[in-house]
Amino acid sequence: MTAAALTAVTASLLLSGTASAEAAGASAQGSVRHYVALGDSYAAGTGLPQQTNAECKRSAGSYPSWIAETYKPAVFKDVTCSGATTRSLWNKQGSAAPQVEALTKDTDLVTVTLGGNDLGFSDVLTTCVLAGLTTKEGTPCRDRLAGSGKDLDADFARLSTRVPDMLTDIKRRSPEARVVVVGYPNLFPADGTICGSSVPLAKGDITWLNQATNRLNLLLETAAYLKQAEFVGTSSVFRGKDMCQSSAKQWINPLLPQTSGSAHPNAVGHLMTALEVYGRLGK
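Throughout this description, residue numbers start from 1 for each chain and increase along the sequence as written. Only residues with pLDDT of at least 70 are given local features in this predicted model, and only at 80 or more are side-chain atom pairs given and counted; all residues enter the totals for whole chains, interfaces and linings. Side-chain metrics rest on all non-hydrogen atoms present in the structure, leaving aside hydrogens and water.

S.K.: Give me the overall build of the protein chain: which residues, what numbers.
M.R.: Counting secondary structure elements, the protein chain contains 11 helices and seven strands. Only protein chains enter the accessibility calculation, which uses a 1.4 Å probe; a residue is then buried when its area is under 20% of its type maximum, exposed when over 50%, and partly exposed in between. Residues counted as buried form 53% of the 283 residues belonging to the protein chain. Here, residues are in contact when the closest pair of their heavy atoms is within 4.5 Å. Long-range pairs, those at least 24 residues apart, make up 72% of the contacts in the protein chain between residues at least 6 apart in sequence. Areas reported as accessible are Shrake-Rupley estimates using a 1.4 Å probe. Residue values count occlusion only from the protein chains shown. If you sum the accessible surface of the protein chain, you get close to 12,300 Å²; carbon and sulfur atoms cover 53% of it. Here a helix means four or more residues in a row that DSSP labels H or I, a strand means two or more in a row labelled E, and each is numbered from the N terminus.

And the structure:
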């Protein structure tokens, strides 16, 4: 099945209510009245068509938009924004207000995807592409970053305190809400296979980047558990759908040619992420 066909089928299921009622258990859970979507480009739908906010690169095809389309809340506030970090929750990002300002006592559902930009993941990928163009042996990207003073362990240490603080504040502002932390998909093959020219990375760096994503997801999942929030992982459903697959199987856009959607989920990826969230909400 092509990506376009899968998009059409999945969209049909969502809009007909089959996915929302059965996979998500919407009828059993009751309606969502006030939904707030927080997060970065992986939640905003950066690179997708139907852009609704140019500054934040936000799209009507994002996974939060599909959730809202299914539950049809009376209030839907999508404040996701490309480039957002955990600091964007409490500080303006360009002309965008702090994301937490969208939360109220009436909010009953919150989804959030944040953390990747705290680690400087976009800059890391740029470095990895440049390193991979010179050699496919070893871990040239990891070595370059270490030589430049990039300390990923320190970044993770800071994030391990920010994410719990983020969830605490969300809970404080919206005490009745179900808070769902949505993790990041693995961008590359789990076996570290060297990809084609559209993903010019060394094999060792592919393995290292996958390990970093797994580490980030574990951090998010642990924080969600400790703060009585919920976690939705996407690694399993995206397995075999990474950017190194053929275009018909990709749910992640490749690194090259470089576009705003490079290394981000495509339309099908967002639809399938929405289905994973539905599955969690139905429990």
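Once the structure has been displayed, the description carries forward.
S.K.: Before we move on, can you summarise the sheet that holds strand β1 (residues 34–39) with the specific residues and values?
M.R.: Two strands form a pair only when DSSP identifies at least two bridges running between them. Spatially, the five strands line up as an open sheet ordered β4-β1-β5-β6-β7, and their pairing is parallel. Only two strands of the sheet have a single partner each, and these edge strands are β4 (75–78) and β7 (230–232). Averaged over all pairs of adjacent strands, the angle between strand axes in this sheet comes to 15°, irrespective of strand direction. Across three bridges, strand β6 (residues 178–182) lies against β7 in parallel orientation. Of the residues in β7, the one forming a bridge with Val181 is Phe231. Axis definition: a line fitted to C-alpha atoms, limited for helices to the stretch in contact. Angles are taken between N-to-C directions and run from 0 to 180 degrees.

S.K.: Quick one: what's the story with the pairing of β6, residue by residue and with numbers?
M.R.: With four of five residues buried, β6 is to be regarded as a mostly interior element. The sheet contact formed by strand β5 (residues 109–113) and β6 spans four bridges and is parallel. Residue Thr111 lies in a different strand from β6, and its bridge partner there is Val180. Place the viewer so that the strands point away; then a crossover is right-handed whenever the path from the first strand over the helix to the second strand goes clockwise. For the segment spanning β6, helix α9 (residues 203–226) and β7, crossover handedness is right-handed.

S.K.: Outline the side chain of Gln250, listing residues and values.
M.R.: When you line up the elements, Gln250 lands in the loop between α10 (235–238) and α11 (267–281). In this structure Gln250 touches Lys241, Asp242, Met243, Gln245 and Asn266, once residues within four positions along its chain are discounted.

S.K.: Any details on unusual backbone geometry? Residues and values, ideally.
M.R.: Where the residue is not glycine, phi is negative for most of them; where a peptide bond is considered, it is trans in most cases. Omega for the bond connecting Leu256 with Pro257 falls within 30 degrees of zero, at 0°, which places this linkage in the cis form. For Pro257, the location among the structural elements is in the loop between α10 and α11. Residues other than glycine seldom take positive phi values, yet Lys57 does so here, at roughly 55°. Judged by its relative accessible area of 34%, Lys57 is partly exposed.

S.K.: Account for the nonpolar core, naming residues and giving values.
M.R.: For this analysis, a nonpolar core means a set of buried residues of the types Ala, Val, Leu, Ile, Met, Phe, Trp, Tyr and Cys, connected via side-chain atoms within 4.5 Å. Formed by 74 residues in total, the largest nonpolar core has its most connected members in Ile67, Leu167, Leu187, Phe188, Leu201, Leu209 and Leu255. Examining the composition of this core, we find that nine residues originate from one element, α9, more than from any other. Ignoring any residue separated from it by four or fewer positions in sequence, one finds Leu167 in contact with Val179, Val181, Ala223, Ala224, Lys227 and Ala229.

S.K.: Could you give an account of the pattern of salt bridges, with specific residues and numbers?
M.R.: Basic side-chain nitrogens of Lys or Arg form a salt bridge, by our definition, when they fall within 4 Å of a carboxyl oxygen of Asp or Glu. For the structure shown, the criterion picks out 11 salt bridges. For Asp169, the salt bridge is made with Arg173, and the minimal N-O distance between the two is 2.9 Å. Of this pair, Asp169 and Arg173 both sit in helix α8 (residues 152–173), four residues apart, which is roughly one turn of that helix. Judged by its relative accessible area of 9%, Asp169 is buried. A salt bridge links Arg178 to Glu230; the shortest N-O distance between them is 2.8 Å. Of the two residues, Arg178 sits in strand β6 while Glu230 sits in strand β7, which places them 52 residues apart along the sequence. One salt-bridge network, held together by shared partners, links Lys150, Asp155 and Arg158.

S.K.: Any details on the state of the cysteines? Residues and values, ideally.
M.R.: We call a pair of cysteine sulfur atoms a disulfide whenever their separation is within 2.5 Å. Under the criterion given, the structure shown has three disulfides. At a sulfur-sulfur separation of 2.0 Å, the disulfide partner of Cys56 is Cys81. Residues Cys56 and Cys81 are joined by a disulfide whose S-S torsion is about -85°; by sign, that bridge is left-handed. Residue Cys56 is located in the loop between β2 (51–53) and β3 (58–59), and its partner Cys81 is located in the loop between β4 and β5; the two are separated by 25 residues in the primary sequence. Residue Cys56 is classed as buried on the basis of its relative accessible area, which comes to 2%. Between Cys128 and Cys141 runs a disulfide, and the two sulfur atoms are separated by 2.0 Å.

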